[in-house]
Amino acid sequence: MRDEIPTVVGIFSAFGLVFSVSLFAWICCQRKSSKSNKTPPYKFVHVLKGVDIYPENLNSKKKFGADDKSEAKNKSATPKNSLHLDLEKRDLNGNFPKTTTKMQGSTDLENSSPKHFAERKKDSVSPDSLKSITSLSSEDKQDKLGTLFFSLEYNFEKKAFVVNIKEARGLPAMDEQSMTSDPYIKMTILPEKKHKVKTRVLRKTLDPAFDETFTFYGIPYSQIQDLTLHFMVLSFDRFSRDDVIGEVLIPLAGTELSEGRLLMDREIIKRNVRKSSGRGELLVSLCYQSTTNTLTVVVLKARHLPKSDVSGLSDPYVKVNLYHAKKRISKKKTHVKKCTPNAVFNELFVFDIPCEGLDDISIEFLVLDSDRGSRNEVIGRLTLGSSAEGTGGEHWKEICEYPRRQIAKWHMLCDG
């Protein structure tokens, strides 16, 4: 009897525990259902579309927050073109059905005010037309490169020609980051190009005031009519080649300086680079001495060299670079020949070859235009070597096959 009492107590306690757990679960379910049935005191707003969205279990009056009379008033007050969104007509995916717009009749067009028509005409401008308008305005701004102001004078007592570069106005910005320029001006007297000067660089300005005077002695007054002034407007760049803003070309034919100083101003125009289809030709002679392991190079002539720009003929010279395994190991250069498209150099250079044979050796000829005060421009280029194409490769093959023989050939120059 005593052994049965604990078992009975355990059975009753187990039933009591199961009953209490089920009761607690039923109470929790009732609380959740009661919370879900309550309507929230606020509304959800769809931010992207601007449409008021209410819970599904609300009535139609609560959804729109007004009765049928107020809806009728709103419909009568809203214009025909306004957009009305009815949430009751949405499909299962929440999308609105497509509606077809009615074409306006003749009476509607007559009743519409001219002001409303003008507003619609403004809205009808396509983005492509706006782009074209902005592009045209930007092109007009780019075409205007500014104005150069200067004065000319001749000093009869000293027999000197005097040029005063006063200022430039309205220059374009060549630096895109600071939206400004560092301008200076180079001036050359053509056609001989003997007199070349340049102003100082003025930092971060689009309206530089130079006010610099340059006096050129030894120019007779009778020769003034035959001269041409070439002004080159540039922007200084510390890390690369200076940017060319534009140029001004002033022929002095018909200019009268006997009465005193003459003030002038000219629009700056784009630089007119006249590059011909051909780069000219170069005559070189080479000889390989296998006993001394040296290469003799003779730069003989250049012909049909193009004009570098509108300033006239170029002042050519030749730079010779020797490469071993694509690494430059030596360099030479000729003298400058003034104002000629057909230069005669006749200069000899001897290079020591660091290895036996010419398999890894190549030689480069650069024809440049000497320009004092700025970087020299490359007129043409010629490369001779085992991997060179055309006449350069053929010439190199001949000097390798026939050592101790001086072999000369004309070569067409390529673009630099």
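Residues numbered from 1 in each chain as written. Predicted model: local features only at pLDDT ≥ 70, side-chain atom pairs only at ≥ 80, totals over all residues. Heavy atoms only, no water.

Even after reading the chapter, I still don't get unusual backbone geometry, so can you show me in this structure?
Pro 191 follows Leu 190 through a cis peptide bond whose omega is 10°. Tracing the chain through its elements places Pro 191 in the loop between strand E5 (183–190) and strand E6 (196–198). Its identity as a non-glycine residue notwithstanding, Asp 211 has a phi of 55°, on the positive side. With respect to the helices and strands, Asp 211 occurs in strand E7 (residues 209–217). A positive phi angle is found at Cys 339, which is not glycine, with a value near 50°. (Helix = DSSP H or I, 4+ residues; strand = E, 2+ residues; numbered from the N terminus.)

Would you explain the sheet that holds strand E18 (residues 407–412) in this entry?
In any sheet, the strands associate via hydrogen bonds between backbone groups, in a parallel or an antiparallel arrangement. On the basis of which strands lie adjacent, the open sheet formed by four strands has the order E15-E12-E11-E18 and antiparallel pairing. The open sheet has two edge strands, strand E15 (344–352) and E18, and neither has a second partner. Looking at each pair of strands side by side, their axes are set apart by 20° on average, direction ignored. With nine bridges joining them, strand E11 (residues 281–289) and strand E12 (residues 294–303) adopt antiparallel strand pairing. Its bridge partner lying in E12, Leu 283 is registered against Lys 301. (Pairing = 2+ DSSP bridges. Axes fitted to C-alpha atoms, helices over the stretch in contact; angles between N-to-C directions.)

Honestly, a nonpolar patch on the surface in this entry has me stumped. Any pointers?
A cluster of nonpolar side chains, namely Phe 19, Leu 23, Trp 26 and Ile 27, defines an oily patch on the protein surface of about 430 Å² accessible area. Summarising the element assignment, Ile 27 is placed in helix H1 (residues 4–37). (Patch = residues over 30% accessible without salt bridge, like charges linked within 9 Å, V, L, I, M, F, W, Y side chains within 5 Å. Areas by Shrake-Rupley, 256 points an atom, 1.4 Å probe, with all protein chains shown as cover. Salt bridge = Lys/Arg side-chain N within 4 Å of Asp/Glu carboxyl O.)

Teacher, can you tell me more about the UniProt feature "transmembrane region" (unreviewed entry) in the protein chain here?
In the numbering used here, UniProt assigns the "transmembrane region" (unreviewed entry) feature to residues 7–27. As annotated, residues 7–27 comprises 100% helix and 0% strand, and the C-alpha atoms at either end are separated by 31 Å. (UniProt positions renumbered as here; feature names shortened; annotations may be inferred.)

I keep staring at the nonpolar core and nothing clicks. Help me out?
The nonpolar side chains of a soluble globular protein tend to be buried, and buried together. Counting 30 residues, the largest nonpolar core has Leu 148, Leu 152, Phe 161, Val 163, Leu 229 and Phe 231 as the members making the most contacts within it. Elements represented by at least two residues in this core include exactly strand E3 (147–155), strand E4 (160–169), E5, E7, strand E8 (228–235) and strand E9 (243–251). With sequence-adjacent residues up to four places away left out, Leu 148 is seen in contact with Ile 165, Glu 167, Ala 168, Ile 185, Phe 231, Val 248, Met 264, Asp 265, Arg 266 and Ile 268. Grouped together as the second largest cluster of nonpolar side chains are 29 residues, Leu 286, Leu 322, Phe 345 and Ile 379 included. (Core = buried A, V, L, I, M, F, W, Y, C linked by side-chain atoms within 4.5 Å. Buried < 20%, exposed > 50% of the residue type's maximum accessible area, 1.4 Å probe, protein only. Contact = heavy atoms within 4.5 Å.)

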